[in-house]
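# An overview of the molecular structure
Residues per chain are reported as follows:
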Amino acid sequence: MKITFKIMTVLLGFIVLPSCTTQDIEKLAAVESLLQKGEFTFVAERANPTNPEIVKVMASIPGNNSSKMLNLDSGYTIEIRKDELEVTLPYFGKLYAENIEPDKKIYQITAEDFATKDFTINKKDGKKGSTVFNIVANNQQNIRKMNMEVFKNGKAHVWVDSNDKQSISYDGYITTNLITKK
């Protein structure tokens, strides 16, 4: 009986281990390369609003689960380049102060949508091997800060802290920047 168990364990090891190591190692190396370079795109897959009224509405939709997450369509991103930060994220929550300054693109209660060349990013090590980026857009008066935690497998969590809105977070992944801007 013990010999049969040992043989089955060894055979299982030969079947399972080779199938996942090559792809995993390549993916880990690609994520590490993006983090070292400091230029990548965060793609938001889910939004996590903090407003209880929004959560109640989400729970009342037929066929929707009662979680606090909203699945997002593609196209919601944070693009980080050496010389530019571009943010296009949806917003679900409560607006505290309405700002109507169309020339500064501030009246955008449904989204965080801006591009800036005046920003700072501080990078530090997070828990369990993750990397944390503290992002401040210096010329955006409504966004206090954004924090992005990127895990070894490329998954990421972003939370946005605003002066005039409730905070919100997003789950997604990082990838390479698609188009080089000049």
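For the structure, check the block above.
A short tour of the structure in this document, coming up. (Residues numbered from 1 in each chain as written. Predicted model: local features only at pLDDT ≥ 70, side-chain atom pairs only at ≥ 80, totals over all residues. Heavy atoms only, no water.)

## Section: the packing of aromatic side chains
The full count for this structure, using the stated rule, is one aromatic pair. One Lys or Arg, Lys165, reaches over the ring of Tyr91 and ends 4.9 Å from the middle of that ring. (Phe/Tyr/Trp six-rings, centres within 6.5 Å; stacked < 30°, edge-to-face > 60°. Lys NZ or Arg CZ within 6 Å of the ring centre and 35° of its normal.)

## Notes on the pairing of strand E10 (residues 168-175)
Counting buried residues in E10 gives six out of eight residues, a clear majority hidden from the surface. Across eight bridges, strand E1 (residues 40-49) lies against E10 in antiparallel orientation. Note that in E10 the partner of Val43 across the bridge is Tyr173. Direction of pairing for strand E9 (residues 155-162) relative to E10: antiparallel, over a ladder of six bridges. Residue pairing in the sheet places Val160 in a bridge with Ile168 of E10. (Buried < 20%, exposed > 50% of the residue type's maximum accessible area, 1.4 Å probe, protein only. Helix = DSSP H or I, 4+ residues; strand = E, 2+ residues; numbered from the N terminus. Pairing = 2+ DSSP bridges.)

## Focus: the pairing of strand E8 (residues 143-150)
Within E8, six of the eight residues are buried, leaving the element largely enclosed by the surrounding structure. With five bridges joining them, strand E7 (residues 131-137) and E8 adopt antiparallel strand pairing. By the bridge assignment for E8, Ile135 is matched with Met146. Where E7 folds back onto E8 in an antiparallel hairpin, the turn is made up of five residues. Note that E8 and E9 share seven bridges and pair antiparallel. Looking across to E9, one finds that Val150 is bridged to Ala156. In this structure, the hairpin formed by E8 and E9 is closed by a connection of four residues, where Gly154 is found at a positive phi of approximately 95°.

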